[in-house]
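# Architecture at a glance
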Amino acid sequence: MHKRQLSLSLYLNYFIHGIGLIILTQNMKALGQHWQTPLATVSYVISGIGIGRLLAYFILGNLSDYWGRKFFVNLGMISYFIFFVGMAFVTNIQMAYFLAILAGIANSALDSGTYTTFIEMGSKQGSANILLKAFMSAGEFLLPLFIAVLEKQQLWYGWSFMFAAGLLIINFILLNRQTFPPRNQENTAARKSNLQISPWKKALASVSLAGYGYTSMALMILYTQWISLFVTHTFGFNAILSHWLLSLYSMGSISGVLIIFVLLKNNLSENKLVIALNLFSFLALLVICYSPNALLSMIAAFVFGFTAAGGVMQIGLNLFIKLYPHIKGRITGLYFTFGSLASFSIPIITGWLSKQSISYTLRFDLLISLMGLLLVCITVWAIQVPTTITSTRQQINKIDGRIIKLLNQRFSTVTTINNLKEEQQLPILDESRETQILQEIAQKSKIPDHTPYLQKIYQAIMLNSRAYQTKLHQEENK
């Protein structure tokens, strides 16, 4: 199994998926003209995507545990291909609605096969799930530009659909050359941690995480749907500023994805991160809802995008999957089913609230944000495992893993140093350099009691570096 090549193909699928999410809305006018129907009918067709997700997520998630991840990733790709090609030519509204439902099913199939695959690639691949959102955002960013070029050149709108279909063909070939990891294998350390969680706490965490699947999606949907109208109506912001708050949210989202990916890659605790992100998203939304200051609103919009849409939903899924590593597909399907329920219900709820007052819509998002924060706090409390020798040793193992990587880099650099010494005919031992390193350790050590032990460790490292250089020197002179 080539992890990098497989990861690249999976990420490319989500670039295409990002295109699929907005391709109908971006082509609404052209589709309305092609079908000879009003925009309201096109909007009705678009709603089929949500129906497809709602119908398919839980079913496909369950089946992926039995039929394998690769089958469902392929199913998602094939379904999306039929959707893209079909939508470019279809003239029948009923058939178009069926294709929209098929796009929702494609979304469900990809999620069921992809999120689980990244977890099954290795213990750190939970961070890779966060990066999926970055590729989706890239697709959502580039498609409008591509459509704008087509419109300016007065070219057929269907080329945007055919472009996505062409990418799918290429990626289908690339992906099916790869081997997927075994499904539903359990990490020994994770299994031991789960055994230390009482059944009722595990049930409480499960209910909380399912609910978080709803609130995390609802939070984003409500903001993107109502932010512009809210600030215009409530604070009198002009049209440019009101739309700019949505753009800043998107910029924060993309920045959040990249930074959260790096933080998780460097073993930052998901438990701490999910609480911090939800807390700051609530505070940022509080500023947006009640501050008439434009500058504060802009800063808060960026922070809200970073914290609420930068991958925190995927962190919630990672935590949920860790509770049930033997049924990853079922958990993924369940989690995103609740997200789909949010996609279906939030527009209905906010539509009713807007009839009372536009101000109620975004301030209702505050309630959702508070509920999400409460749910993740309950989850983290429920799944927290008491500190033991085993859990502490696991932390040491993670630290040792980083140290080994750094030592490998150090010895690679030692090879370069040895070559330069050979060229300049310098001795292997440089006492002044070693003395300097030991002095720097004393200066940089934040805990004085540790300093003599750190110096002894570095003396051993330098001793072995000299031994390694001696070995290289002997090999070169044979």
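Here we summarise the structure given alongside this text. Computed from a prediction, not measured in an experiment: that's the story for all the values here.

Time to look at the overall build of the protein chain. For the protein chain, the count of helices and strands is 18 helices and 0 strands. C-alpha atoms of the protein chain, sized along the principal axes, occupy 85 × 50 × 50 Å. Within the protein chain, the fraction of its 478 residues that count as buried is 47%. A fraction of 82% describes how many contacts in the protein chain between residues 6 or more apart in sequence connect residues 24 or more apart. A total accessible area of about 24,000 Å² is found for the protein chain, and carbon and sulfur atoms account for 66% of it. Taken as two groups, the 35 positive and 18 negative side-chain charges of the protein chain have centres that lie 10 Å from each other.

Moving on: helix α12 (residues 294-308). Every α-helix winds through 3.6 residues per turn, so residues three or four apart in the chain are directed the same way. For α12, which comprises 15 residues, the first-to-last C-alpha distance of 20 Å matches the rise-based estimate of 21 Å (1.5 Å per residue) to within 8%. Buried within α12 we find Ser297, Ala300, Ala301, Phe304, Gly305, Phe306, Thr307 and Ala308. Elements in contact with the buried residues of α12: α9 (199-235), α10 (239-265), α11 (270-290), α13 (312-323) and α15 (358-383). Where α12 begins, the capping side chain belongs to asparagine 293, and its oxygen is found 3.0 Å from the backbone nitrogen of leucine 295.

The tendency in soluble globular proteins is for nonpolar side chains to be buried as a group. Membership of the largest hydrophobic core comes to 115 residues, with the highest contact counts inside it found for Phe84, Met87 and Tyr223. The leading source of residues in this core is α9, at 14 residues. Residues in contact with phenylalanine 84, not counting those within four places in the same chain, are Ile16, Ile19, Gly20, Ile23, Phe161, Ala164, Ala165 and Leu168.

Take the packing of α10 against α11 next. Relative orientation and spacing of two packed helices are given, respectively, by the angle between their axes and the distance between those axes. Orientation of α10 relative to α11, taken along the N-to-C sense of each, is 155 degrees, at an axis distance of 11 Å. Relative to α11, α10 is oriented roughly antiparallel. Judged by the sense of rotation from one axis to the other, the crossing of α10 with α11 is right-handed. Of the residues in α11, those touching α10 at Ile260, Leu263 and Leu264 are Glu270, Leu273 and Leu277. Class assignment of the residues belonging to the contact of α10 with α11 gives a composition of 5 nonpolar, no polar and 1 charged.

Turning our attention to the environment of histidine 450. By the secondary structure assignment, histidine 450 is in the loop between α17 (431-444) and α18 (451-476). C-alpha of histidine 450 to C-alpha of proline 181: the two residues are 269 residues apart in sequence and 42 Å apart in space.

If you check α13, its first and last C-alpha atoms are 17 Å apart, about what 12 residues at 1.5 Å a residue would give, namely 16 Å. For α13, the tally of buried residues reaches 11 of 12 residues, placing the bulk of the element in the interior. Restricting attention to buried positions, one finds in α13 the residues Val312, Met313, Gln314, Ile315, Gly316, Leu317, Asn318, Leu319, Phe320, Ile321 and Leu323.

As a further point, take the side chain of asparagine 74. In this structure, asparagine 74 sits in helix α4 (residues 69-89). A distance of 2.9 Å separates the side chain of asparagine 74 from the side chain of asparagine 176, its partner in a polar contact. Non-local contacts of asparagine 74, meaning those with residues more than four positions away in its chain, are made with Phe172, Leu175 and Asn176.

Unlike most non-glycine residues, glutamine 36 shows phi in positive territory, near 60 degrees. Residue glutamine 36 is classed as exposed on the basis of its relative accessible area of 73%.

Here we come to the packing of α10 against α12. Where α10 meets α12, the closest approach of the two axes is 6 Å, and the angle between their N-to-C directions is 35 degrees. Of the two elements, α10 crosses α12, and the hand of that crossing is right-handed. Mapping the contact onto sequence places Leu241, Trp244, Leu245, Leu248, Tyr249, Met251, Gly252, Ser253, Ser255, Gly256, Ile259 and Ile260 in α10 and Ala294, Ser297, Met298, Ala301, Phe302, Phe304, Gly305 and Phe306 in α12. Looking at the contact of α10 with α12 residue by residue, the class counts come to 14 nonpolar, 6 polar and no charged.

This part covers a nonpolar patch on the surface. Together, Ile78, Phe81, Ile82, Ile169, Phe172 and Ile173 give the surface a local cluster of nonpolar side chains, amounting to about 490 Å² of exposed area. Elements represented by at least two residues in the nonpolar patch include exactly α4 and α7 (158-175). Looking at the secondary structure, you find isoleucine 169 in helix α7. You can call isoleucine 169 partly exposed: its relative accessible area is 44%.

This part covers the environment of valine 274. Tracing the sequence through the fold places valine 274 in helix α11. Along the chain, valine 274 and valine 376 lie 102 residues apart, while their C-alpha atoms are 7.0 Å from each other.

Rules used throughout
Residues numbered from 1 in each chain as written. Predicted model: local features only at pLDDT ≥ 70, side-chain atom pairs only at ≥ 80, totals over all residues. Heavy atoms only, no water. Helix = DSSP H or I, 4+ residues; strand = E, 2+ residues; numbered from the N terminus. Buried < 20%, exposed > 50% of the residue type's maximum accessible area, 1.4 Å probe, protein only. Contact = heavy atoms within 4.5 Å. Areas by Shrake-Rupley, 256 points an atom, 1.4 Å probe, with all protein chains shown as cover. Lys, Arg positive; Asp, Glu negative; His and termini not counted. Charge placed at Lys NZ, Arg CZ, Asp CG, Glu CD. Expected span 1.5 Å × (residues − 1). Polar contact = N/O pair within 3.5 Å; in protein donor to acceptor, adjacent residues only side chain to side chain. Core = buried A, V, L, I, M, F, W, Y, C linked by side-chain atoms within 4.5 Å. Axes fitted to C-alpha atoms, helices over the stretch in contact; angles between N-to-C directions. Parallel < 35°, antiparallel > 145°, perpendicular 65-115°, else oblique. Left-handed = near helix turned anticlockwise from the far one by under 90°. Nonpolar A, V, L, I, M, F, W, Y, C, P; charged D, E, K, R; others polar. Patch = residues over 30% accessible without salt bridge, like charges linked within 9 Å, V, L, I, M, F, W, Y side chains within 5 Å. Salt bridge = Lys/Arg side-chain N within 4 Å of Asp/Glu carboxyl O.

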